[in-house]
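# Coordinate analysis (summary)
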Protein chains: 2
Amino acid sequence: MAKKKRKANQEEQVTTTAVALDERDQRTLERIQALADHVIQAAKARKDPYIDIPARTLSNVYFNKKKRFIEMGKAKNRRHLFNLAQAKSYMQTMLVASGCKRLIEQGKTTSIRGLFYLLKHTIEGTKEETFATQEECDPIIEDVEVTLNALREELHVYATNRGAMVGEITIVDSGDEIDCTRMGSGGYAIPSIVEPNVIQFVKCDAKFVLHVEKDTVWRRFNEDKFWKKHKCILTHGMGQPPRGVRRLLHRLHYELGLPIYCLLDNDPWGYYIYSVIKQGSINLAYESQRMAIPEARFLGLRSFDFERCGLSESVTIALTEADRKRAKQIMEYPWFKHKKAWQDEIKKLLDNGFKLEVEALISKDISYVTEVYAPQRLRDGDWLD
Amino acid sequence: MAKKKRKANQEEQVTTTAVALDERDQRTLERIQALADHVIQAAKARKDPYIDIPARTLSNVYFNKKKRFIEMGKAKNRRHLFNLAQAKSYMQTMLVASGCKRLIEQGKTTSIRGLFYLLKHTIEGTKEETFATQEECDPIIEDVEVTLNALREELHVYATNRGAMVGEITIVDSGDEIDCTRMGSGGYAIPSIVEPNVIQFVKCDAKFVLHVEKDTVWRRFNEDKFWKKHKCILTHGMGQPPRGVRRLLHRLHYELGLPIYCLLDNDPWGYYIYSVIKQGSINLAYESQRMAIPEARFLGLRSFDFERCGLSESVTIALTEADRKRAKQIMEYPWFKHKKAWQDEIKKLLDNGFKLEVEALISKDISYVTEVYAPQRLRDGDWLD
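Residues numbered from 1 in each chain as written. Chains lettered and ligands numbered in written order. Predicted model: local features only at pLDDT ≥ 70, side-chain atom pairs only at ≥ 80, totals over all residues. Heavy atoms only, no water.

## Describing unusual backbone geometry
The peptide bond linking Gly 300 of chain A to Leu 301 of chain A adopts the cis configuration, its omega dihedral lying at -10 degrees. One can find Leu 301 of chain A in the loop between β15 (297-300) and α10 (305-308). With a phi angle near 50 degrees, Ser 174 of chain A is a residue other than glycine that sits in the positive phi range. Assessed through its relative accessible area of 39%, Ser 174 of chain A is described here as partly exposed. Its identity as a non-glycine residue notwithstanding, Lys 231 of chain B has a phi of 45 degrees, on the positive side. Checked against the element boundaries, Lys 231 of chain B lands in the loop between α6 (226-229) and β13 (232-236). (Helix = DSSP H or I, 4+ residues; strand = E, 2+ residues; numbered from the N terminus. Buried < 20%, exposed > 50% of the residue type's maximum accessible area, 1.4 Å probe, protein only.)

## Section: the sheet that holds strand β8 (residues 169-173) of chain B
Residues and elements named next belong to chain B. Strand order in the open sheet formed by three strands is β9-β8-β11, and the pairing between neighbours is antiparallel. Two strands close off the open sheet at either side, each with one partner strand: β9 (176-179) and β11 (199-204). In this sheet, neighbouring strand axes are inclined to one another by 25 degrees on average, regardless of whether the strands run parallel or antiparallel. Bridge count between β8 and β9: four bridges; the pairing is antiparallel. Across the sheet, the residue bridging to Thr 170 is Asp 179, located in β9. Its contacts with the sheet place helix α7 (residues 243-256) against β8 and β11, and it is angled at close to 50 degrees to β11. (Pairing = 2+ DSSP bridges. Axes fitted to C-alpha atoms, helices over the stretch in contact; angles between N-to-C directions. Contact = heavy atoms within 4.5 Å.)

## So, the UniProt feature "domain: Topoisomerase 6 subunit A/Spo11 TOPRIM" (unreviewed entry) in chain A
Following the UniProt record, the feature "domain: Topoisomerase 6 subunit A/Spo11 TOPRIM" (unreviewed entry) maps to residues 208-378 of chain A here. End C-alpha atoms of residues 208-378 of chain A are separated by 10 Å, and the span's content is 50% helix alongside 13% strand. (UniProt positions renumbered as here; feature names shortened; annotations may be inferred.)

## Considerations on the packing of aromatic side chains
All chains considered together, the criterion is met by 34 aromatic pairs over all chains. Between Phe 116 of chain A and Tyr 117 of chain A, the aromatic rings sit 5.5 Å apart at their centres with planes inclined by 55 degrees, giving tilted as the arrangement. For Tyr 117 of chain A, a relative accessible area of 1% gives the class buried. Between the aromatic rings of Tyr 333 of chain A and Phe 336 of chain A, the centroid separation amounts to 6.3 Å while the plane-to-plane angle is 15 degrees, which identifies the pairing as stacked. Summarising the burial analysis for this pair, Tyr 333 of chain A and Phe 336 of chain A share the class buried. Cluster of aromatic residues (ring-pair linked, three or more members): Phe 63, Tyr 271, Tyr 274, Phe 298, Tyr 333, Trp 335, Phe 336 and Trp 342 of chain A. The ring of Phe 201 of chain B is capped by Arg 251 of chain B, whose NZ or CZ atom sits 4.5 Å from the centre of that ring. (Phe/Tyr/Trp six-rings, centres within 6.5 Å; stacked < 30°, edge-to-face > 60°. Lys NZ or Arg CZ within 6 Å of the ring centre and 35° of its normal.)

## Description of the relation of the copies chain A and chain B
The two chain copies are related to each other by a rotation about an axis together with a translation along it. In the superposition of chain A on chain B (RMSD 0.0 Å, axial shift 0.0 Å), the rotation amounts to 180 degrees. Such a combination of rotation and displacement between the chain copies is what one expects of a two-fold axis. An overlap of 99% is found between the interface residues of chain A and their copies at the interface of chain B, pointing to a shared contact surface. (Least-squares fit on C-alpha atoms with pLDDT ≥ 70 in both.)

## Focus on the domain arrangement of chain A
Residues and elements named next belong to chain A. In terms of domains, chain A is made up of domain 1 (23-48 + 83-158) and domain 2 (164-379). Computed from C-alpha atoms alone, the centre-to-centre distance between domain 1 and domain 2 is 35 Å. Listed per partner, the contact involves 13 residues of domain 1 and 11 residues of domain 2. Across the domain 1/domain 2 interface, buried area totals approximately 1,100 Å², and carbon plus sulfur atoms make up 52% of it. On the domain 1 side of the contact with domain 2, Arg 24, Leu 151 and Glu 153 bury the most area, a combined 53% of that side's loss. Here domain 1 is connected to domain 2 by three salt bridges. Counting residues per element, the side of domain 1 that touches domain 2 draws most heavily on helix α4 (residues 134-148), at three residues. By residue class, the composition of the side of domain 1 that touches domain 2 is five nonpolar, two polar and six charged. (Domains from an automatic or database assignment. Buried area = accessible area lost by both parts, 1.4 Å probe. Salt bridge = Lys/Arg side-chain N within 4 Å of Asp/Glu carboxyl O. Nonpolar A, V, L, I, M, F, W, Y, C, P; charged D, E, K, R; others polar.)

## A look at the interface of chain A and chain B
Contact with chain A, which involves 86 residues of that partner, is made by 86 residues of chain B. Summing both partners gives a buried area of about 7,400 Å² for chain A against chain B, and 46% of it is carried by carbon and sulfur. There are six salt bridges connecting chain A and chain B. The salt bridge partner of Arg 182 of chain A is Asp 176 of chain B, with a shortest N-O separation of 3.9 Å.

## Examining the environment of Asn 77 of chain B
Residues and elements named next belong to chain B. Tracing the backbone shows Asn 77 in strand β4 (residues 76-80). Of the residues examined, Asn 77 reaches a relative accessible area of 44% and is grouped as partly exposed. C-alpha separation for the pair Asn 77 and Glu 195, spaced 118 residues apart in sequence, amounts to 29 Å. Setting aside chain neighbours within four positions, we find Asn 77 in contact with Ile 51, Asp 52, Ile 53 and Ala 55.

See the structure below:
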């Protein structure tokens, strides 16, 4: 029950202190500053201010064969202030950039939802809202990312965090040392911002990373202390791994030289998750360089595991029409198209007419996946890439 | 690429070792044993075996005014083996019980998905499946829980884990000591099984628990080290908190005497989340005793925060017809119906015609919620219960 009431004017003030900026934040701020400087220069020269925004369209995305990941092309769209069709989105772009500037200067981070609320207001003297909905704000945030060539995380904006980690690594997260061999059954919750200014690697005895699709499978591996027996790090991303998890895998691979093995369901969704970890995604092509791991390995499940592991019909799930269509699309991905092993894998899925979840291995034994399946594949070097 | 192939018959065997059982597991096993003994007794006496399963129907659920939570009544449904309409579900019930026995004896846990795969098979000599789908298995798991009066967690079956914790507490999880003041930005991922055999409380300097709805809000509180300034524990449950989080809050409240404050969105969903934490849910009424916290407090957001905090129209979201309907239903809940403060709260929501997310407070300042809103409410004892 409300015991006392206080009026709004009695409210305490929020203290806003400027914080010392690290090199990365400094660099991001400079880029935002440059964006603003351009407006002033244009105004002084009596020219129309504009922003050139790299095009985030399918036609401007291609597979870089040398780097082996999806990249953005060089196409840009020019957004003018003095153009009725573009004025609003021009101003929204500048507004998002100024919001990020404020976050960085205060040394704070927020969610995309938070940034939306931070910037949402009715423009004085009008009935016009800066943003009507979150859906209007999100693509503008992506525009700013790609224009400034700064990761969302560098703009101090985060997505939902999902995913957890345990295993033979000790990290420092925001000044706290976290020994991932001592994280119990729950594990370390992987945050959405895992950049080096937040997370540093202190000590690593792991020889590889095993990334699994689901938390329930992860739990089986953790409970069986797989990471201890096999000297590794265990991660999951609750399905399609969010940015934080992908970025952390990327850092573990490139900074610590750890191979990344993926254990996913034998279905088109599993292939797609692997594809995104490996090559990047079309939507976030501009982040591939800091996200994609072309050397990531697909440990399973494989379409021929049904026979190989002697599974029963009972544990299969019939492919839907959508599954078949999706599988055929994935066969055509440039990074799978010329690999016989992948073509065989996906053809076999279609021939089988069914998909298999990793949990289906439980029908052999609760710990079959941790004690037989994964160790055999790793020992035999039996994976796809 | 597949480098070597091994045949199924060359596969290593899974080693299954019996484990030492603790008191709790022993007790659960005895209950499963009693269920099986009943069948043998019936057979010996040449009688039809049956199981009496407490009815999980709305009509068998009521609000216990003394205990102040939702409880199940005494109605039971008898399930016979020798009854064509019941034989299948009878056998499924025994099958689930035997699966749980196997899990407990092996000292392992699995997900409801895992248990499904563990038990799914074609019955010999027929084309009949033990379970066709997960949806067929789930209610049987609940039947077994309620029949044995054992939490799902005690049957070694877990749900998805969501939610995280940081703050002034040190716990032991599966033998690992976890200091929640040193969990960085990610926090400790709350597992789905938090029973005393898995998690023990070692040291607690917290004076209360602040439970927030979303991870994004939780992150703001963690980043501002709210738990340090206010000597508390911070948890979130990614929306409607899963069993693990509810059970952990329950244990923190009853074992450590910590008050539980909930900071949720100002909408019917927020009210409902609070209601479930406080009184239990209809679906899981049989777990109320170990889940519900009738003393839990609703810290906000409140419907009159729009005026009190001086928020702008821009950050409001119009109520939908479904919202209005839901709000009116919640007003009629027995635990809200006779509380003027709650009636006023929900009426005001309807009068406002809009809802507010906790993130809307960001429009005042990024840290308004952690530096002004929550501290004021706590200091003034200004909450609903």
